[in-house]
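# Understanding the architecture of this molecule
Residues per chain, in single letters:
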Amino acid sequence: KPRSCSVKCHNILQTSTVPKTTKYTYCRLDELKPQAVVNVYGVVLFFKQPYKTLGSDYCTFLKITDQSNSTISCNIFLPKLEDHPKIFKAGDIIRMHRVKVTPFNDSFNLVKSHGFSAVTFDGTEGEPVEPRTSNQNYHFEADDQRVVEELRAWSAQRVQLPAPASMTLSTVQPRAYFDLTCQLLAKAPVDSTCTMLRVWDGTRCPHTLLKVLVEPEATVGPTSFSPERERIIANVLIYDNHVEAAGQLQPGDFLRIYNLRAIQGSSRVPGPTGSQPAELDHLAFHLHGGTAYGRGIRVLPENSADVQELKRAIAAFMQEEEDAAMLDVWGTPPESMGEPITERTCRHDTNPVTLSEVQGSDHGQIHHVRVRVKSYQPQRLHQSLKLFCDKCSTMQDVPDEDQVSAVFAEACQDSEPCPAPVWALYGAVPLPSESEFPFLTYSFTSVMMSFLGAGLEQVTKLSSSYLNIVPVRSSGGQLAPLDLSAPVLFRGRRRFYGCKKCSNPAVREPNVEGVEVVSEKLVAEALGVELLRYGLLLRLELQDSSGSLDVLLWRDSELFFNVCAADAATNQESQNHIHHTMESLCPPEGSTARRPWLDVCLVSYEWHGLYTSW
DNA sequence: TTAGGGTTCG
C-alpha cells in the first residue's frame, strides 16, 4: 500500500495565511513504474559517499530496500557536496522526493530528478527520529516519524545488514579493511596523488604506526605533537580521487573514513624525493583510489552519537595525558595545580579578521580574531555550570542544594521497608556520627551501595567512605531510584545526574561479568539512566575596532579556563580559578582600553536545544 | 550527461 504523510505547504503566491495541507504519497519499491517520478522511503543497504564523475556533478550511489523486500539502486547527481544525502552507515533510513524510475539491468534504477530532496535518519530502533538534511525547507511531520519507526522495526527484524566495519585504532588488525571514526589533527600533501591525514580516535594502537616525512611548510595544522601524542596519531595516506575530498577537510573536523586498509610490513611511502626510509613491520593506513566497497571520506556532524563517543575517548586520553604531565612537572596530582596557562593553540592556519568581517561571513567557518572582552554573562559565575545531555542535546542548570535536599526529604517520608531483590543484600553500616544505618548492597561486590531512606546529609557523609552510592527509595513495595532532580550516583565529592527525557530509571541488577572497576557508566546503564555531562557556558561580548559580537564559550570552555567542569561543581579552587580568569579579562572597574587583548579562534555552527536561565 | 557496488600502484 502506498504510504502517505500529511504536509503543510505555505503557498507564498496566495495572500491567505491559512496553511494548505498536501498529502505526499510514497511509492513501495515493488510498485515502481518506468519513467514515473516518485517519492520513496527505504533502508540503505549500501552506499558510496559523493564522488566526482566525469560530468560536472558529484554522484551518491546507494541501494535501498523496504517492506516489499525489493532492492533498488539510486544515482543522485548534484553539483554541490552539501546537498547530497547525509548517509553515515548502512541501515540508515532515507526519504527521497522526486526520483525518476529508469529501467536498468532487468530492474529499475532511481535517478534524482528536478526538485529532488533527500532526508536521512538513523536506522536504529529507539534512537530519536532526527532528520538530517542541508535543505532548510524540508517537511517533516508526525506521519514521517511513524514511517521511520515502522521501517526501523521492520529492518531490525528482516534486513540482513553487512557486519559493521567500524574499528578503532586499538582493535584494528593488519590486512583489515575497516571504517575509522576519528578527528583530523593535521594534513599535508605527500605528492600529487597522495595526501597524508594525521588523525586520532583516542585509542592506542598496539602496533607501531607508520611515520611519514612531509614538508613542514605544506602542513595544515601543527607540524609535530608531544611524543606521547605522536604515539596515538595515525598517518592515513589518501590516494587519487580522494585527494580532492581531503583538500576540503579542516583540522579539528570529525571524520569517518570508509574502507580504510591497514597494511603491516615494509611500507614505502611516496614522497618528495623518494627518500622515505622503508619501515619494517609498521602499520600503515591507505585509502586506495576508486570507490569500490564505499571507499570515501565523510565529515560527521558534531552532534552525532559516534562523534560524542569519539570525543569521550579523546577527552579520556587527554585527561590521562594531563594527569601524567602534572605529576611529571609538579610532582603533585592535578587537583593542586594552580599555575595559570595563558596560551592555548588551535590547529587552524587562518589569518586574523575583524568582528564585522565575521558577522558578514557564511556560517560554518573558522575565524581568528583579536579582541577584548567587553562584558560577560552570567555575572554570577556559578550559573555558568550546566548539565548537558549528549543524547537529546538539552541543557539544564545544576540543581541547588535545597532542591536536592527536598527530593531526599520527600523520599525519606514516602519510603517504607520493602523486600530486597534476590541479587541484593541487606545490612547495616556504622555512621560517623550516628549509630548505624540500614543499607542495601549489590551482592556481586561491596563497592556499590544503595541507602534506603537516607537524607542528603547522611549520604554526603557516607560518600567520603564508600566509592559508589546510589540513593534509592521504596515505591509500591519495590526499590526505585529517586526523582532525577537528585543525583543518581554519589562518587566521592562528585555527583552524577541523569537526563529526565532520555532515562527510564529502575533499580536493576547490573551486568558486571568481567568488570574490574564499577564505573559511573556501568551504574547508569544498570539504572537505565542517560548520564548528564557537566559543562561551562558563558556568553562573552567581544569587541574590536570594527564592532562587537556576542559569542558562546561552551565546547572548549574547560580548555579556556583550564579546569574540569565536573570539578568546578565541587571544588572551590576550580571555582576561584574561573573567577580570577574572568576578572583579569574583564575587570569590574576601569576602562575597556586597559583590558588585555585576546587572540581567539571562533567557529559558528548550528546548535539546537540551547537553554540558559541567565 | 555523469554512473550503474564487489578491494590495491602506493
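Anything mentioned here points back to the structure above.
What comes next is a walk through the structure. (Residues numbered from 1 in each chain as written. Chains lettered and ligands numbered in written order. Predicted model: local features only at pLDDT ≥ 70, side-chain atom pairs only at ≥ 80, totals over all residues. Heavy atoms only, no water.)

### Let's talk about the overall build of chain A
Looking only at helices and strands, one finds 11 helices and 28 strands in chain A. A buried classification covers 44% of the 614 residues belonging to chain A. Partitioning the intrachain contacts of chain A with sequence separation of at least 6 by distance along the chain shows that 63% fall at a separation of at least 24. (Helix = DSSP H or I, 4+ residues; strand = E, 2+ residues; numbered from the N terminus. Buried < 20%, exposed > 50% of the residue type's maximum accessible area, 1.4 Å probe, protein only. Contact = heavy atoms within 4.5 Å.)

### Some remarks on helix α11 (residues 572-585)
The first and last C-alpha atoms of α11 sit 20 Å apart over 14 residues, in line with the 20 Å expected at 1.5 Å per residue. Those residues of α11 lying buried are Ser574, His577, Ile578, Thr581, Met582 and Leu585. Take α11 and look down its axis: the buried residues cluster within an arc of 125°, on one side only. Capping of α11 at its N-terminal end is provided by Asn571; its side-chain oxygen lies 2.7 Å from the backbone amide nitrogen of Glu573. (Expected span 1.5 Å × (residues − 1). Arc of directions from axis to C-beta. Polar contact = N/O pair within 3.5 Å; in protein donor to acceptor, adjacent residues only side chain to side chain.)

### Description of the layout of surface pockets
The calculated volume of the second largest pocket comes to roughly 820 Å³. Surrounding the second largest pocket, 29 residues form its lining, Pro164, Ala165, Ser166, Asp179 and Arg256 being those nearest its centre. Looking at the lining of the second largest pocket, the elements with two or more residues in it are β3 (37-52), β8 (177-191), β11 (254-267) and α4 (305-330). Each of domain 1 (7-158) and domain 2 (177-306) accounts for three or more of the residues forming the lining of the second largest pocket. (1 Å grid on protein atoms, 1.4 Å probe; cavity = no way out; pocket = protein on both sides within 12 Å on 5 of 7 lines; lining within 4 Å. Points joined across faces, edges and corners; volume = space filled by probe spheres on them. Domains from an automatic or database assignment.)

### Here's the deal with the sheet that holds strand β5 (residues 71-78)
Strand order in the closed barrel made by the five strands is β3-β4-β5-β7-β6, with mixed pairing throughout. Across the sheet, the axes of successive neighbouring strands diverge by a mean angle of 50°, strand direction being ignored. Sheet topology places β3 next to strand β6 (residues 93-104); six bridges connect them, and they run antiparallel. Residue pairing across strands places Gly42 opposite Ile94, the latter belonging to β6. (Pairing = 2+ DSSP bridges. Axes fitted to C-alpha atoms, helices over the stretch in contact; angles between N-to-C directions.)

### Remarks on the nonpolar core
If you look at the biggest cluster of nonpolar residues, it comprises 44 residues, and the most contacted ones within it are Phe408, Leu538, Leu540, Leu542, Phe561, Met582 and Leu602. Residue contributions to this core reach at least three from each of two domains, namely domain 3 (334-388 + 536-613) and domain 4 (395-531). In this view, Leu602 contacts Leu355, Val358, Gln365, Ile366, His367, Val369, Leu542, Leu549 and Val551; residues no more than four positions away in its chain are not counted. Core analysis: the second largest hydrophobic core is formed by 34 residues, Val44, Val101, Tyr258 and Leu300 among them. (Core = buried A, V, L, I, M, F, W, Y, C linked by side-chain atoms within 4.5 Å.)

### Thoughts on the pairing of strand β4 (residues 58-65)
Burial analysis of β4 places seven of its eight residues in the buried class, the great majority of the element. With seven bridges connecting them, β3 and β4 associate as antiparallel partners. The partner of Lys52 across the bridge, within β4, is Tyr58. Between β3 and β4, which pair antiparallel one after the other, the connecting turn spans five residues. The antiparallel pairing of β4 with β5 creates a hairpin that spans five residues between the two strands, and Asn69 there sits at a positive phi of about 70°.

### A word on empty space enclosed by the protein
One pass over the full model with this rule turns up two cavities of 30 Å³ or more. Approximately 40 Å³ is the volume attributed to the largest cavity. Forming the walls of the largest cavity are Val470, Pro471, Pro481, Leu482, Asp483, Leu484, Ala486, Pro487 and Val488. In the lining of the largest cavity, the residues fall into eight nonpolar, no polar and one charged. (Nonpolar A, V, L, I, M, F, W, Y, C, P; charged D, E, K, R; others polar.)

### Side note on unusual backbone geometry
Here the bond from Gln377 into Pro378 is cis, since omega is 0°, no more than 30 degrees from zero. For Pro378, the position within the fold is in the loop between β15 (366-377) and β16 (385-388). With a phi angle near 60°, Asn562 is a residue other than glycine that sits in the positive phi range. By the secondary structure assignment, Asn562 is in the loop between α9 (557-561) and α10 (565-568). By relative accessible area, which is 9% here, Asn562 ends up buried.

### Points about the pattern of salt bridges
Pairs can form between side chains of opposite charge whenever their charged atoms are close. Counted under the stated rule, the structure contains 18 salt bridges. Here Asp306 and Arg256 are joined by a salt bridge, their closest N and O atoms 2.7 Å apart. Of the two residues, Asp306 sits in helix α4 while Arg256 sits in strand β11, which places them 50 residues apart along the sequence. Judged by relative accessible area, which is 23%, Asp306 ranks as partly exposed. The exposure class assigned to Arg256 is buried, which follows from its relative accessible area of 4%. (Salt bridge = Lys/Arg side-chain N within 4 Å of Asp/Glu carboxyl O.)

### A closer look at the environment of Asp281
Looking at where Asp281 falls in the secondary structure, it is placed in strand β12 (residues 279-287). Measuring from C-alpha to C-alpha, the distance between Asp281 and Thr208 comes to 7.6 Å, with 73 residues separating the pair along the chain.

### Things to note about the environment of Arg98
By the element assignment, Arg98 lies in strand β6. Overall, Arg98 belongs to the partly exposed group, its relative accessible area being 41%. Along the primary structure Arg98 and Ser113 are separated by 15 residues, whereas in three dimensions their C-alpha atoms are 5.9 Å apart. Sequence-distant contacts of Arg98, defined by excluding residues within four places in its chain, comprise Val37, Val38, Asn39, Lys112, Ser113, His114, Gly115 and Phe116. Reaching out from Arg98, the side chain makes a polar contact with the backbone oxygen of His114 at a distance of 2.8 Å.

### Examining helix α8 (residues 520-527)
Every buried residue of α8 is listed here: Leu522, Val523, Ala524, Ala526 and Leu527. Just downstream of α8 lies Gly528, where phi reads positive at about 70°.

### Some thoughts on the environment of Ala526
Note that Ala526 resides in helix α8. Residues Ala526 and Glu509 lie 17 residues apart in sequence; the distance between their C-alpha atoms is 6.2 Å.

### Regarding the side chain of His84
Relative to the helices and strands, His84 resides in the loop between β5 and β6. Taking relative accessible area as the criterion, His84 reaches 2% and is therefore assigned buried. Of the polar contacts made by the side chain of His84, one reaches the backbone oxygen of Leu78; its length is 3.1 Å. Filtering out sequence-adjacent residues up to four positions away, His84 remains in contact with Pro50, Tyr58, Cys59, Thr60, Ile76 and Leu78.

### Structural notes on the side chain of Glu541
Positionally, Glu541 belongs in strand β26 (residues 538-544). Looking at Glu541, its side chain comes within polar contact range of the side chain of Ser375, at 2.7 Å. Beyond its immediate chain neighbours, meaning those up to four positions away, Glu541 contacts Arg372, Val373, Lys374, Ser375, Ser548, Leu549 and Asp550.

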